[in-house]
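# Inside the fold
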Amino acid sequence: MSDTALTSRLSFSGYLVCLGGIAHREMLRFVNQKERFLSALVRPLIWLFIFAAGFRNVLGVSIQPPYETYVLYETYVVPGLAVMIQLFYGMQSSLSMVYDREVGSMRVLLTSPFPRWSLLAAKLTASVLVSVLQVYVFLAIAAWWDVDAPVQGYVLALPALVLTGLMLGSIGLFLSSLIRQLENFASVMNFVIFPMFFASSALYPLWRIREASEGLYLTCLANPFTHGVELVRFALYGRLEPVALAVVVGTTVLFFAAALIAYDPSRGLMVRRGGPKGEAS
């Protein structure tokens, strides 16, 4: 088949079919593996129902943007716990990418006529859709627990959640390109997930962290997860945090571009590591 004929077949509708197929598969995996959905909610709900309730009167947050009054600790941590769901799901999605790349459906797709950027973008988009759905289930439970945000905030937070999902998913995609075996993935994730989550503003305001340690404060500022949390926090109250938006968008572009290079069969990490099984080195 000539290059012209191949290009004509890869029309916009073809890309949509590819995206729809990958998204459908991701949703089926989400529906059929309910334990993944429940496990994604267990961690934030434990923090909300147990830790936040216990620290309610000890770690309340004084008036600071975006809050216009004193808020209880459980109100403060909800945005961070919401983004934590996206962090864990983004890494789980990357784990499935490691498997699919070697023996699953992605092994076939990576050798298809579709350019790899479209396959990675489709995989990333599908994982973001699922993670956002999980976040809104968590926010509904938090509202039932009397942790309320302005009603319009739940709508305004959607673009912020999409952006944070894209950022964390891009980081996960890049990490998946560095790992060849599933057994190595869990150990690597422990050095990514927990430092990103705990060295951020998800659980404590940055000014409290600064009082304890200037070095830790600077680390939290350099952590893109912090800016993802603040972007969602401000969006829930109808406000935009421009620095957080810039960091989230910049980090997404950087890591997605790095993932594209890493998955490029002619110059990326995959070719230096031998490529997926069944693919030429």
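Keep in mind that this is a model prediction, so the values were computed, not measured. (Residues numbered from 1 in each chain as written. Predicted model: local features only at pLDDT ≥ 70, side-chain atom pairs only at ≥ 80, totals over all residues. Heavy atoms only, no water.)

The next thing to look at is the overall build of the protein. Across its full length, the protein carries 14 helices and zero strands. The order of helices and strands in the protein, counted from the N terminus, is α-α-α-α-α-α-α-α-α-α-α-α-α-α. Restricting the contact set of the protein to residue pairs at least 6 apart, pairs at least 24 apart contribute 76%. (Helix = DSSP H or I, 4+ residues; strand = E, 2+ residues; numbered from the N terminus. Contact = heavy atoms within 4.5 Å.)

In this section: helix α12 (residues 224-236). With 13 residues, α12 extends 19 Å from end C-alpha to end C-alpha; this agrees with the ideal 18 Å at 1.5 Å per step. Among the 13 residues of α12, 13 are classified as buried, and the element is accordingly described as predominantly covered. With a side-chain oxygen positioned 3.0 Å from the backbone nitrogen of Phe225, the residue opening α12 is Asn223. Gly238 lies just past α12 and shows a positive phi near 70°. (Expected span 1.5 Å × (residues − 1). Buried < 20%, exposed > 50% of the residue type's maximum accessible area, 1.4 Å probe, protein only. Polar contact = N/O pair within 3.5 Å; in protein donor to acceptor, adjacent residues only side chain to side chain.)

In this description, an aromatic ring pair is defined by two values, namely the gap between the centres and the angle between the planes. In this structure the tally under the stated criterion is seven aromatic pairs. A centroid spacing of 6.4 Å and a plane angle of 20° characterise the contact between Phe194 and Phe198, whose relative ring orientation is stacked. One end of the pair, Phe194, and the other, Phe198, are both in helix α9 (residues 193-198), four residues apart, so they sit about a helical turn from each other. Looking at Phe194, the relative accessible area reads 38%, which means it is partly exposed. Note on Phe198: relative accessible area 44%, which makes it partly exposed. Consider the rings of Phe197 and Phe225, whose centres lie 6.1 Å apart with planes at 75°: the pair is edge-to-face. Placement of the pair is Phe197 in helix α9 and Phe225 in helix α12, with a sequence separation of 28 residues. Across the pair, exposure class does not vary: Phe197 and Phe225 are buried alike. Each residue in the set Phe88, Phe194, Phe197, Phe198 and Phe225 is aromatic and connected to the rest through ring pairs, giving one cluster. Over the aromatic face of Phe88 sits the side chain of Arg43, whose NZ or CZ is 3.8 Å from the ring centroid. (Phe/Tyr/Trp six-rings, centres within 6.5 Å; stacked < 30°, edge-to-face > 60°. Lys NZ or Arg CZ within 6 Å of the ring centre and 35° of its normal.)

Inspection of the entire model under this criterion finds two salt bridges. A salt bridge links Arg210 to Glu214; the nearest nitrogen and oxygen atoms lie 3.2 Å apart. Overall, the relative accessible area of 43% leaves Arg210 in the partly exposed class. We classify Glu214 as partly exposed; its relative accessible area is 40%. (Salt bridge = Lys/Arg side-chain N within 4 Å of Asp/Glu carboxyl O.)

In a packed pair of helices, the relevant descriptors are the angle between the two axes and the axis-to-axis distance. Interhelical geometry of helix α7 (residues 151-178) versus helix α13 (residues 242-263) gives an angle of 30° and a closest axis separation of 8 Å. Put simply, α7 runs roughly parallel to α13. Here α7 and α13 pass one another in a crossing that is left-handed. Of the residues in α13, those touching α7 at Leu163, Thr164, Leu166, Met167, Ser170, Ile171, Leu173, Phe174, Ser176 and Ser177 are Leu245, Val248, Thr251, Thr252, Phe255, Phe256, Ala258, Ala259, Ala262 and Tyr263. Among the residues making up the contact of α7 with α13, the classes are represented as 14 nonpolar, six polar and no charged. (Axes fitted to C-alpha atoms, helices over the stretch in contact; angles between N-to-C directions. Parallel < 35°, antiparallel > 145°, perpendicular 65-115°, else oblique. Left-handed = near helix turned anticlockwise from the far one by under 90°. Nonpolar A, V, L, I, M, F, W, Y, C, P; charged D, E, K, R; others polar.)

What follows covers the UniProt feature "transmembrane region" (unreviewed entry) in the protein. On the UniProt side, "transmembrane region" (unreviewed entry) is annotated at positions that read residues 6-24, 45-64, 76-99, 120-145, 151-175, 187-207 and 243-263 here. The straight-line gap between the two end C-alpha atoms of residues 120-145 is 37 Å; of that span, 96% is helix and 0% is strand. Counting secondary structure, residues 243-263 comes out at 100% helix and 0% strand; the distance between its end C-alpha atoms is 30 Å. (UniProt positions renumbered as here; feature names shortened; annotations may be inferred.)

Even without being a glycine, Asp146 presents a positive backbone phi close to 70°. Along the chain, Asp146 falls in the loop between α6 (116-144) and α7. Assessed through its relative accessible area of 66%, Asp146 is described here as exposed.

Among the nonpolar cores identified, the biggest contains 56 residues, and Leu81, Leu87, Met91, Phe138, Phe197 and Phe225 are the most heavily contacted of them. For this core, the elements supplying multiple residues, two or more each, are α3 (34-54), α4 (73-103), α6, α7, α9, α12 and α13. The greatest single-element share of this core, amounting to twelve residues, is contributed by α4. Dropping the residues within four chain positions of it, Phe138 is found in contact with Leu41, Pro44, Leu45, Leu48, Val78, Leu81, Ala82 and Ile85. Listed in part, the five residues of the second largest apolar core include Ala199, Leu206, Ile209 and Cys220. (Core = buried A, V, L, I, M, F, W, Y, C linked by side-chain atoms within 4.5 Å.)

Their axes nearest at 8 Å, the elements α6 and α7 cross at an angle of 135°. The angle between α6 and α7 falls in the class oblique. In the crossing of α6 with α7, the sense of the turn from one axis to the other is right-handed. For the pair α6 and α7, the contacting residues are Leu120, Lys123, Leu124, Val128, Val132, Val135, Tyr136, Leu139 and Ala143 in the first and Tyr154, Val155, Ala157, Leu158, Leu161, Val162, Gly165, Leu166, Gly169, Ser170 and Leu173 in the second.

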